[in-house]
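Chain residues, written in single-letter form:
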Amino acid sequence: MSALLTETEDKPQTAWDDAASWYEASARQRVRSLLDAGSFKEFIGPEQREVSPHLRVFELPEQFDDGMIVGRGRLSGEPAFIAAQEGRFMGGAFGEVHGAKLTGLLRAARYVKSIPVLILFDTGGVRLQEANAGELAIAEIMRALIEARMAGVKVVGLIGGRAGCYGGGGLIAGCCSALAVSEQGRISVSGPEVIETNRGVEEFDSKDRALVWRTMGGKHRRLLGGADAFTSDTIQSFRDIALHLIRSAPGFGMDVLKAEQARLGERLERFSSCADALDIWKAEGVPDAEAVPAMPAEDFIAVANKVREPRYDAR
Amino acid sequence: MTLDDILASLFLEGHDIRNNDGLLLGSGPLKGGGRAEVIGVADRTAVGVDDAIRLSGQVLAALERGGDGPILVLVDSDSQRMSKRDELLGLNEFLAHLAKCLIYADMQGRHTVGLLYGHTAAGAFIATALATRTLVALPGAEPEVMDLPSMSKVTKLSIEVLKEKAKSTPVFAPGLDNLAQTGAVLATWDEKISLADQLQALLGNDRQGGDQRDRLGKARGGRPKAADMAERVYDLALQPE
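- Chain B appears in an unreviewed UniProt entry as Malonate decarboxylase gamma subunit from Mesorhizobium escarrei.

- Taking an unreviewed UniProt entry as the reference, chain A is identified by name as Malonate decarboxylase beta subunit belonging to Mesorhizobium escarrei.

In structure tokens:
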């Protein structure tokens, strides 16, 4: 499939190849190389200079797309809506314009019904310089997302960027029909520094990177059931998993909510007293839990599929 | 107003709402007939995985019992519970699930009404009050995304400078008035008038189609661009390829 796509790609867009790292790529590079070559059409691109109206109050630099790219394109020939956060601008944080673009896209998807939405998360959460607007944007996105899912839209989240998926971004991710995550894709509400600042270093040592990865990182989220799929850190593997999840993602309704209530309830019953991710992995039946952090992606995927079948009906 | 005063003013004929270690669960008869289901967070309790799943369970149970009464969400909370255990167990999923249950309930015709009567912050705010269709507040409510000292730490600006900047824009500083201007809070109730009457008036209003908070934020001047940006993207997305 990739060979076919590469042949038809026009030159300016092929500079970034399929084996390139998702983590290292910019939001624009991710969008262009995830979608079929030349198919991306942006809504309100940077040429329109719709910047944040609030950053100037803090004398901070603006970005012409406010760190959020939205538009449409084709994925393996099929139409798709896409939204991508640029983690290198203000940590991918949600501000007024940044958030409103995604809200508008989801409202349109609800109307169209038949076109799936891909959300390429890369965010530290709410942008504090416009905290009230950012917080509310997250609430509006969640409502628009659920309304779109009720109309039959598949919304697939892809997480593997520099900023991870923190704060309200984690809540939006929890609303998606399905999630794919790479090792680098941390998902959490409170970030490591926030927990340490509020509760002390005894509660969470944010400088202990191994602790951060195994508590919030992609491998733990996959083993816990917080993400449906684990993927290696290449554009190609994110494209493959996105296609798979669009096909397998569940609808939305009372049955899904009841199944999720049961799924989360069972998690608390089984792992409530686990002090560390290692204890959860052992309880899950991972044969060599200590080896998980250093395990290559392919080996980890095999282990994960053995101990925990993805549940596509409970999210 | 204390929680007991609020519940007494909302439910003149009494109610069966209990405060279980900071979680409110129960129901009460409405003045205009029918019953309201009530969930909530009291006593400035932080919302962790164990709390969120009890609240979502109550919403789902109410839906299973049927009926068309509103669901009231009373909020005087801390932020999300900040701990290793909560994040280890996937707090983002639990909070998202609670919000999903509330949004779904509203779409099934169970008008969700948030009543912010104390504090709330960050993820707890999003999963409870901000997940309702209609959010009202009592005077003295203290919503915040992040407190000014923490904000000062992140933005590397002094609290004095932040307070000065807050005079020119409602977009970042904590507080009910600021949140209301962005469109998050529809109205602040009058605590001298029966809350039951004010609730009844609100429920009697025609349900406007769709999420109106961005338009409200534009009209109030707190969010100048959100409504227009969302609408422009919507229009562009509906154009043929």
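From this point, things continue past the structure.
**What to know about the interface of chain B and chain A**
Right, on to step 1. Facing the 80 residues of chain B at the interface are 87 residues of chain A.
Right, on to step 2. For the pair chain B and chain A, the two sides together bury roughly 7300 Å², of which 64% comes from carbon and sulfur.
Right, on to step 3. When the buried surface of chain B facing chain A is broken down by residue, Lys-84, Leu-88 and Lys-100 of chain B rank first, second and third, together holding 11% of it.
Right, on to step 4. At the junction of chain B and chain A, the tally comes to 11 salt bridges.
Right, on to step 5. Glu-93 of chain B is the partner of Arg-263 of chain A in a salt bridge, and the nearest nitrogen-oxygen pair spans 2.9 Å.
Right, on to step 6. At the surface where chain B touches chain A, the tally comes to 40 residue pairs in polar contact (both at pLDDT 80 or more).
Right, on to step 7. Sort the elements by how many residues they give to the side of chain B that touches chain A and helix α4 (residues 91-107) of chain B lands first, with 14 residues.
Right, on to step 8. Its residues placed into classes, the side of chain B that touches chain A shows 43 nonpolar, 18 polar and 19 charged.

**Quick look at the side chain of Asp-51 of chain B**
All names here are of chain B.
Right, on to step 1. Position of Asp-51 among the secondary structure elements: in helix α2 (residues 49-65).
Right, on to step 2. A distance of 2.7 Å separates the side chain of Asp-51 from the backbone nitrogen of Gly-48, its partner in a polar contact.
Right, on to step 3. Among residues more than four places away in sequence, those in contact with Asp-51 are Leu-23 and Ala-46.

**Describing the packing of helix α2 (residues 27-34) of chain A against helix α9 (residues 235-248) of chain A**
Residues and elements named next belong to chain A.
Right, on to step 1. At a minimum axis distance of 10 Å, the contact between α2 and α9 shows a crossing angle of 60°. As far as their axial angle goes, α9 and α2 are oblique. The handedness of the crossing between α2 and α9 comes out as right-handed. In this structure, α2 uses Arg-30, Ser-33 and Leu-34 to contact α9, whose residues at the interface are Ile-235, Phe-238 and Arg-239.

**Quick notes on the pattern of salt bridges**
Right, on to step 1. Considering all chains together, one arrives at 38 salt bridges over all chains under this definition.
Right, on to step 2. Where Arg-232 of chain B meets Glu-50 of chain A, a salt bridge forms, and the shortest distance between an N and an O atom there is 2.6 Å. One end of the pair, Arg-232 of chain B, is in helix α11 (residues 226-238); the other, Glu-50 of chain A, is in the loop between β1 (41-42) and β2 (68-75), on a second chain.
Right, on to step 3. Classification of Glu-50 of chain A by relative accessible area gives buried; the value is 16%.
Right, on to step 4. Among the charged side chains, a network of salt bridges with common partners joins Asp-228, Glu-260, Arg-263, Arg-267 and Arg-315 of chain A together with Glu-93 and Lys-100 of chain B.

**Examining the nonpolar core**
Right, on to step 1. Leu-105 and Val-117 of chain A are the most contacted members of the largest nonpolar core, which totals 124 residues.
Right, on to step 2. Judged by nonpolar contacts, the second largest core, of 28 residues, contains Val-31, Ala-84, Ile-235 and Ala-249 of chain A.

**Things to note about the pairing of strand β3 (residues 78-85) of chain A**
Residue and element names in this part refer to chain A.
Right, on to step 1. Of all 8 residues in β3, 6 are buried; the element is thus mostly enclosed.
Right, on to step 2. Bridging between β2 and β3 involves 8 bridges; their strand directions are antiparallel. From the neighbouring strand, Arg-74 faces β3, where its bridge partner is Pro-79.
Right, on to step 3. Where β2 folds back onto β3 in an antiparallel hairpin, the turn is made up of 2 residues, including Ser-76, whose phi is positive at roughly 55°.
Right, on to step 4. Of the pairings in the sheet, the one linking β3 to strand β4 (residues 117-121) comprises 4 bridges and is parallel in character. Considered in β4, the bridge of Ile-82 is made with Leu-118.
Right, on to step 5. The parallel pair β3 and β4 is bridged by helix α3 (residues 96-112), and the resulting crossover is right-handed.

What counts, and where the lines are drawn
- Residues numbered from 1 in each chain as written.
- Chains lettered and ligands numbered in written order.
- Predicted model: local features only at pLDDT ≥ 70, side-chain atom pairs only at ≥ 80, totals over all residues.
- Heavy atoms only, no water.
- Contact = heavy atoms within 4.5 Å.
- Buried area = accessible area lost by both parts, 1.4 Å probe.
- Salt bridge = Lys/Arg side-chain N within 4 Å of Asp/Glu carboxyl O.
- Polar contact = N/O pair within 3.5 Å; in protein donor to acceptor, adjacent residues only side chain to side chain.
- Helix = DSSP H or I, 4+ residues; strand = E, 2+ residues; numbered from the N terminus.
- Nonpolar A, V, L, I, M, F, W, Y, C, P; charged D, E, K, R; others polar.
- Axes fitted to C-alpha atoms, helices over the stretch in contact; angles between N-to-C directions.
- Parallel < 35°, antiparallel > 145°, perpendicular 65-115°, else oblique.
- Left-handed = near helix turned anticlockwise from the far one by under 90°.
- Buried < 20%, exposed > 50% of the residue type's maximum accessible area, 1.4 Å probe, protein only.
- Core = buried A, V, L, I, M, F, W, Y, C linked by side-chain atoms within 4.5 Å.
- Pairing = 2+ DSSP bridges.
- Right-handed = clockwise from strand over helix to strand, strands pointing away.

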